[in-house]
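Examination of the molecular architecture
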Amino acid sequence: MQRVAEEQEDKGGGGGAAMAEFDDEEATPLNSSRGGVTYYGSPQLTTMSSSSFLSSNTCSSAVTPRFSNVTAVDDTDDEENSPPPPRVPSMTSASSHRNVISSRMPPPRQSSSSSGQRRNNGSSNSNKHHYQSFINSSTNHHRSPSHDNLTRIKTSTTLLVLVLGLFLAICTLFQYFVMGPQDSFNLPPDLNTDRNDEVNTLGDNGEQQSGLAGGAKTKTKHHSENVMFDEFGRYIIEDYDALPPFSDILPGVAGIYGKPLYVFYINRGQGISSFGIKSKDYPIMEFHSANNAYQNTAQLGFRTFYKGRRDGKNSREFLVEPFDSLRTRFAQLVDNNLNEMDETKYPIRRMFIGANDMSIQEVDLFNKIETNVTYFNLPEEDFGAFVKRTTISNLDEREALHLSVMDGLARIQPVGGKLDYMLKMIGRTLEGFMGVHHAGGAGDLTMPFFRMSEIAADDAAVIVEEGGHFCLSYIEYEEKDLLPIVYDTNKIFGEDTSLTRPMGLYDKSVEEILEGKQYGAARTSSAFAAVNDVTIWPGQQITITSFYGRADSITDLPIIARRITQGGFAQYKLSRARALIQQITSGAEIVTADHLFDKHVEQMFLDNSLMGGIPVLLGDVEDDGRDADDDERIKVYHLFSRRGDLERDYDEFVIENTYFSEGPSSFRDVIQNRRNDVIFNPRVGAFNVNMFLSLIQADGYNPLSVEAVVFSIDNPEVCLRLATNAVGFADGHRAQREALASILCDGEFRPGQLVELIEEQNIFLMTSISSLIDDVAASSKISPAAVAKGDGFSADHWTYIMDLLSSYLQIYPDREEHLLFNNKVTYYYSPRVVSPRKRKYVLSKSYNGEGLHVRQLDATYEDPERLKYMQKYVNPTSGWYKNEASIQRDVEGNIFKSSPIEKLFLLATIKFATRDPFGMGIEYEAGKPGWNSALNGLSSMLGSGLPETYELKILLQYIHDAVLKFNRPIVVPMELAVLIDKISTALDELGDKEYISNYDSDGIFKVPQPLFLYWDAVATAREEYRSDIALFSVETQEYSSGDIVKLAKRWMKQIDLGIERAHMIGSHGHDQKAAAGITPTYFSYNVTKWEETGNHNKDGHPFCIAKEMVVGRFPLFLEGVARVMKTMDKEQAEDLYEHVKQSGLRDKELKMYTLSSTLAGQSYDMGRMMGFSPGWLENQSVWMDQSYKYYLELIKKGMFNQFFDEMRSGMLPFIDGQKYGRSVMECSSFIASSAFEDPNMRGRGVLARLSGSAAEFLSIWKSLFIGETLFKKNEEAALEMQLVPSLPAWLFKRNEQHAQSPPADEQYVIRFKLFTSINVAYFVDTPKDLFDVKPLGYTIGLRDGSIMSVDGPTIPSTLAANIRKVVFIDYIHAYF
């Protein structure tokens, strides 16, 4: 593999597919001709191929996969044999096509990322030469018959451009020498925010205001006065390092065929605080929690040092560090006499937060130097790297600047296994293994390789380390000359071990440091690119570009170096990094009168996509609108799912450094953030419903961690056919055919893993990787994958399934019966089971040591018998469990399957049997609470939750209605039928009498004996059920629809009685009076009478059996309010809203809602939320996820005025940006409330992005823009579509005339995209509220150019079905 790549590199080119030429305003094209990937958010297409979507790293014929992008194609012309460029359908017409060229090809020279990066003494001709060299080495050498004519046209165009450029140059010289120099200076184009760009602001009355500031930045009135956007849509923060600290992430998106790194940054120093490969265990820059990163990033992170002088007679030599901490413009440094900052002493600094890049800027007027740094993940390459571009500009208008520069990382970690723990615990010992090696040989400093000699472990088996981290740097437009790297920290900082001052530069020049000996053994190294004595002429600049990454072998470095040093590489990759995210967020583009709201929608769409993953279609996908339900050869796969940041330091995040990158996440996070997948991309069909139902276990719980689905092929003939198609039929390819066939048939795999195995075994493909992936996906079966880790089961995860089902039925109401009754899903099989009460109710001292109480401990355990059974399904090659090990079977070894309605009924049965002794909440019996994980102690308090009861009521009502509607029987395992019989018997014994508990003078409610006996009987039956389902019997029980309806009605009656008791018992806290009329949320049970069993747990605590109980109450929680509102009508919801607004849940200062009212006086047994300071984390803070859930219910109940009132004070981007303390585009997990003791922290956003609030926000967006019932069946059971928005007048914008404009009397409009592709516009004659208003009619444009008109509020069947298929429709105009 290495040899092949190097030999082909010498031929001077690189592989690459062809790529389409688009208009300047359009995004870079996404795909080649083959159908295969449907992407969530394409600006051009609905269906696209995995071979080039978000990617350019397709492996062409006769190119080895590893480092394929540096291989060459023969330079000889072959017009007759070369295939024509692939074709791709246009958005505007189903029949028109555009030529496709490689997405590796750089954009035109006017590209924002490259047009301003000029060499100080270079010319446009030299720049074009460098760019063309990158084009020539990055594209396949295929010519069309019109190639020569195109060449002549391009030559003429080039000459015209040169003449025009010469004219402009003369004009510029005339201005400079005749008119005199200007007072202002220009920023580099990729950071220039002073271009008279129009910035929209929201006026005090909510109307949109626009203005041109003559180059000045326009501020937004309802945000901090020092924030705005640049022309790339990046959020700008002035004096970022003087503001309160915050942390953020780069999304880790490098394209389908890219290998991302994780990157975290803060607003201190040069920003980047940690980055690395896969997880915090494999850092390039060590991971530190946010509190430590705020302190040490400026010292340990990226640093830059200038040692320079000017040409003038009074010139002096200076040594300066841009972005240093000592010159931060803190407010306390304002001159009280002048009331202004000393602009020459304290440089101006800005941070630019982009969707996939981050930049910082320093304008140093004292030294007349401007420094701009841009960071991004290298996209679409078969090696992962993090890129830093440092642009140094000479602001002096007359004197040249002579500089020597050190630019790089103060501390770089080597490769050497899992390092995070060891770096923090045995860091000094670890340094003994460290060393620096050189790919360029002795004496060459341009390609250092940082690795440990071996994995640091005290094991008999020694593992020698071969991989390493690298740092490669150059000056742009001088790419062929790699810069030397100074890796010996002592050469720069000397004996200043704090790394505060570069003592080595005080007495030595950069040249002297480079000539001296460097040492890298037994110490932590640096990685500084060294530039010796470069001259930057007045008004000119240079850019130092550095790549930090990991290579498997030191011999890979020359290959990587040759790739990155192609002309224009870094500029183009920056443009691609931006385009990748734009391709995701373009599907959520909206145009309203509030530009900030428009941008926020895109940001929330991106964050939701990163949490749940972005669904793409693989396999036999064509541009015909077929979805994953229509054809089993179409597979849904989610990309880019990830989690983790500096503030959530407890997260063991994983971002796979592979093609098709994804990472595991918690069940709740993934299911919540995939809720709207089908709303934005109907072609995913019922995939998510089926997947998450398949992860429900027979005991009603589910695994805590969800991973990407896995592919498998059981038929060896199919594997051999796929291998033959991929590597060829020739006899000489037999070994590689067999190797690839073995990979395909040897267990489960994911696309990224498949490519890695192909690379590792040096399998030489005759087709592209994307074609292979699609062929494999079409022939494979997919299975959900999850990990049953942890020591318990969350009580609320199942409640999100109804959200998935509801979203699906909004798009496919005509498929409901097929989904529920004709489809089959499996059960997840976990080795962990719930302990019976006699093995988890233990007697122990209370937390204050003053008495004894019964607690529920060790609520789950790993069953040895289950583990033994799962051993049958271990892959002998890998030693890992096959996916089959996690599938429930019967006693005969058959996989047990149920229809979705049957599984929903099983789930409802078990949850009904898990109600607490008062019949109010669902017990937290499995060691974990519900959504609020900070109530971790509530499980030990025999706690229960009313939110889950409300969801159970919704589930039972749906089951009741569905079986009644379709009148079909269901079949359940016999074990479940036995449990149902025991529940019915217990209910018969309980009777229909309502048992209202009396309470004593202290307000203590004792569980009535009949309720206690019912609870004990049903809990025992539940435990017996669980003991019987290690394997299902082969027997089943059929229930008629009438039977199910009777059971559901009886159970719902009992649930309603329990809810009445809950409201009667109520909440209890310091604001108890204000809690009247508001649902309680949680309960606990104190065992007042017990019997010991005579057995003890592992800690020596005696097990016991409860005999009598009293209920415990808690303060108000917003979760209960949000959940109960789902079960209410509008009148009930309005009454509840008014009560909540007056309660302790309302933060009257911030005008938001807190997660809980005050917890003062509560027991520390509740969990860690009691340990948190009030107003912080889960203790009475504004938790955005729950607030947004609450706001969503307001809009669903038709409470429009209340919703928009709350929206303007409690939702982003409308909150006070200065208080929020970070980009108001990005939603934090929580906001410090007014209960927090430090008033300066109140209103501050904490825990960066990637939370459930994004999912709730998109559900709000759906309700606002398209309504709750997009598709429905009419009285004749025919499909219909209707758009019923709920939009306020202040969001309507004056219509801009264009080709698709309506008549002139339609003056105001809101635009958005339906299904991420269809352009929708709502037109009104004057701004007015459209609250649940149906259109008067529609105009619908098809992609074949035809236009259809529809009168009335609904779109009829055939047209509605075509809209749902997406690919046939260009736009929809609705008139109100």
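Notes on the structure in this doc start here. (Residues numbered from 1 in each chain as written. Predicted model: local features only at pLDDT ≥ 70, side-chain atom pairs only at ≥ 80, totals over all residues. Heavy atoms only, no water.)

Quick word on the overall build of the protein chain
Note the threshold: Comment: elements are numbered from the N terminus, with helices defined as DSSP H or I runs of at least four residues and strands as E runs of at least two. Residue burial is assigned from relative accessible area. The probe radius is 1.4 Å, only protein chains are included, and a residue is buried under 20% of its type maximum, exposed over 50%, and partly exposed in between. Between two residues, a contact is recorded if the distance between any of their heavy atoms is within 4.5 Å. The Shrake-Rupley method, run with a 1.4 Å probe sphere, supplies the accessible areas, and residue values consider only the shown protein chains as cover.
Helix and strand content of the protein chain: 35 helices and 57 strands. The proportion of buried residues among the 1376 residues of the protein chain is 63%. Taking the intrachain contacts of the protein chain between residues at least 6 apart in sequence as the baseline, contacts between residues at least 24 apart amount to 73%. Total accessible area on the protein chain stands at roughly 50800 Å², and carbon and sulfur atoms take up 49% of it.

Let's talk about the pattern of salt bridges
The cut-off we apply is this: Put simply, a salt bridge is a Lys or Arg side-chain nitrogen that is within 4 Å of an Asp or Glu carboxyl oxygen.
One pass over the structure, following the stated rule, counts 70 salt bridges. We note a salt bridge from E380 to R576, for which the minimum N-O separation is 2.6 Å. Taken together, the residues E380 in the loop between β17 (369-377) and β18 (385-394) and R576 in helix α11 (residues 569-585) connect sequence positions 196 residues apart. R576 carries the same exposure label as E380, and that label is buried. For K1006, the salt bridge is made with E1108, and the minimal N-O distance between the two is 3.6 Å. With a gap of 102 residues between them, K1006 in strand β39 (residues 1005-1006) and E1108 in strand β42 (residues 1102-1113) connect regions that are remote in the sequence. Exposure remark for E1108: the relative accessible area of 24% places this residue in the partly exposed category.

Quick word on the pairing of strand β11 (residues 272-276)
Filter applied, for reference: Each pair of strands is called paired provided DSSP finds at least two bridges between the two strands.
With 5 of its 5 residues buried, β11 lies for the most part within the structure. Note that strand β10 (residues 262-266) and β11 share 4 bridges and pair antiparallel. Its bridge partner lying in β11, V263 is registered against F275. Taking the residues that link successive antiparallel strands as the turn, the β10-β11 hairpin has 5 residues, and the phi of G269 there is positive, at about 55°. Two elements, β11 and strand β12 (residues 283-285), share 2 bridges in a ladder whose sense is antiparallel. Residue F275 lies in a different strand from β12, and its bridge partner there is M285. Taken together, β11 and the strand that follows it, β12, pair antiparallel across an intervening segment of 6 residues, in which K278 is found at a positive phi of about 70°.

Focus: empty space enclosed by the protein
Convention followed: The pocket and cavity definitions rest on a 1 Å grid over protein atoms only: a 1.4 Å probe that fits but cannot leave marks a cavity, an open set with protein on both sides within 12 Å along at least five of seven lines marks a pocket, and residues lining either have an atom within 4 Å of a point. Grid points are joined across faces, edges and corners, and a volume is the space filled by probe spheres set on the points. Three residue categories are used. Nonpolar comprises Ala, Val, Leu, Ile, Met, Phe, Trp, Tyr, Cys and Pro, charged comprises Asp, Glu, Lys and Arg, and polar comprises the others, including Gly.
Counting across every chain of the model gives 16 cavities of 30 Å³ or more. In this structure, the largest cavity encloses a volume near 80 Å³. Along the walls of the largest cavity sit 14 residues, with R915, D916, G919, Y1014 and W1015 positioned nearest its centre. Considering each element in turn, the lining of the largest cavity owes the most residues, 4 residues, to helix α26 (residues 1009-1028). The residue makeup of the lining of the largest cavity, split by class, is 9 nonpolar, 2 polar and 3 charged.

Overview of the sheet that holds strand β30 (residues 705-712)
Strand order in the open sheet made by the 3 strands is β29-β30-β31, with antiparallel pairing throughout. Two strands lie at the open edges of the sheet, namely β29 (665-666) and β31 (781-787), each paired on one side alone. Bridge analysis of β30 against β31 gives 6 bridges, and the strand direction is antiparallel. Bridge pairing links V710 to S783 in β31.

Digging into a negative patch on the surface
Quick note on the threshold: Residues qualify for a patch when their relative accessible area is over 30% and they have no salt bridge, like charges being joined within 9 Å and the nonpolar side chains of Val, Leu, Ile, Met, Phe, Trp and Tyr within 5 Å. Only four residue types enter the charge count: Lys and Arg as positive, Asp and Glu as negative, with His and the chain ends excluded. By convention, the charge on Lys lies at NZ, on Arg at CZ, on Asp at CG and on Glu at CD.
The grouping of D507, E511, E512, E515 and D533 at the surface amounts to a negative patch. Per element, the largest residue contribution to the negative patch is 3 residues, and it comes from helix α9 (residues 510-515). Along the polypeptide, E515 turns up in helix α9.

Some points on the packing of helix α15 (residues 687-694) against helix α20 (residues 801-811)
This is how the line gets drawn: Note on method: axes are straight lines fitted to C-alpha atoms, helices fitted across the in-contact stretch only, with angles between N-to-C directions ranging 0 to 180 degrees. Geometric relationships in this document are graded by angle, where less than 35 degrees denotes roughly parallel, more than 145 denotes roughly antiparallel, 65 to 115 denotes roughly perpendicular, and other angles denote oblique. Here is the rule for handedness: rotate from the far helix to the near one, and if that takes an anticlockwise turn smaller than a right angle the crossing is left-handed, while a clockwise turn gives right-handed.
Two elements in contact, α15 and α20, have axes whose closest approach is 9 Å; the angle formed by their N-to-C orientations is 160°. In terms of orientation, α15 lies roughly antiparallel with respect to α20. α15 and α20 meet at a crossing whose hand is left-handed. Contacts between α15 and α20 involve N688, V689, F692 and L693 from the former and I801, L804, L805 and Y808 from the latter. Class assignment of the residues belonging to the contact of α15 with α20 gives a composition of 7 nonpolar, 1 polar and no charged.

What to know about the environment of L976
Topologically, L976 is positioned in helix α25 (residues 974-990). Sequence spacing of L976 and T909 is 67 residues, and the spatial spacing of their C-alpha atoms is 8.2 Å. L976 has contacts with L906, T909, I910 and Y1025, leaving out every residue within four places of it along the chain.

Describing the packing of aromatic side chains
Applicable threshold: Pairs were defined over the aromatic rings of Phe, Tyr and Trp, the Trp ring being its six-membered one, requiring ring centres within 6.5 Å. Orientation was assigned from the angle between planes: stacked under 30 degrees, edge-to-face over 60, tilted for the rest.
All chains considered together, the criterion is met by 63 aromatic pairs. Between the aromatic rings of F275 and F302, the centroid separation amounts to 5.9 Å while the plane-to-plane angle is 5°, which identifies the pairing as stacked. Taken as a pair, F275 in strand β11 and F302 in strand β13 (residues 302-310) lie far apart in primary sequence, 27 residues in all. Exposure class is identical for F275 and F302. Each is buried.

Focus: the state of the cysteines
Quick note on the threshold: By definition, disulfides here are pairs of cysteine sulfur atoms that lie within 2.5 Å.
Counting across every chain of the model gives 1 disulfide. A sulfur-sulfur separation of 2.0 Å characterises the disulfide bridge that pairs C719 with C745. Linking C719 and C745, the disulfide has an S-S dihedral of approximately 95° and is accordingly described as right-handed. In this pair, C719 is assigned in helix α16 (residues 716-727) and C745 in helix α17 (residues 734-745), connecting sequence segments 26 residues apart. C745 gets classed as partly exposed once you look at its relative accessible area, which sits at 29%.

Considering the side chain of S1263
Here S1263 shows up in helix α34 (residues 1253-1265). Residue classification places S1263 among the buried residues on the basis of a relative accessible area of 4%. In contact with S1263, other than residues within four places in its own chain, are L1192, I1195, K1196, E1268, V1284 and S1286.

A word on unusual backbone geometry
That bond from L1212 to P1213 is cis: its omega, 5°, falls within 30 degrees of zero. Structurally, the position occupied by P1213 is in the loop between α32 (1200-1210) and α33 (1217-1220). In the Ramachandran plot, L499 falls in the positive-phi region, its phi being about 60° despite a non-glycine side chain. Along the chain, L499 falls in the loop between α7 (489-493) and α8 (503-507). By relative accessible area, which is 6% here, L499 ends up buried. In the Ramachandran plot, Q1180 falls in the positive-phi region, its phi being about 60° despite a non-glycine side chain. Structurally, Q1180 is set in the loop between α30 (1168-1171) and β45 (1182-1183). Among the residues examined, Q1180 registers a relative accessible area of 13% and is labelled buried.

What about a nonpolar patch on the surface?
A cluster of nonpolar side chains, L319, M503 and Y506, forms an exposed patch at the surface whose accessible area comes to about 270 Å². Among the secondary structure elements, M503 is positioned in helix α8.

Section: α34
In an α-helix, one turn spans 3.6 residues; hence positions three or four apart end up facing the same way. Basically, it comes down to this: Residue count minus one, scaled by 1.5 Å, sets the expected span of a helix.
Between the first and last C-alpha of α34 there are 18 Å, a value that for 13 residues agrees with the 18 Å anticipated at 1.5 Å per step. For α34, the tally of buried residues reaches 13 of 13 residues, placing the bulk of the element in the interior. Phi turns positive one or two residues past the end of α34, at G1267, with a value near 95°.

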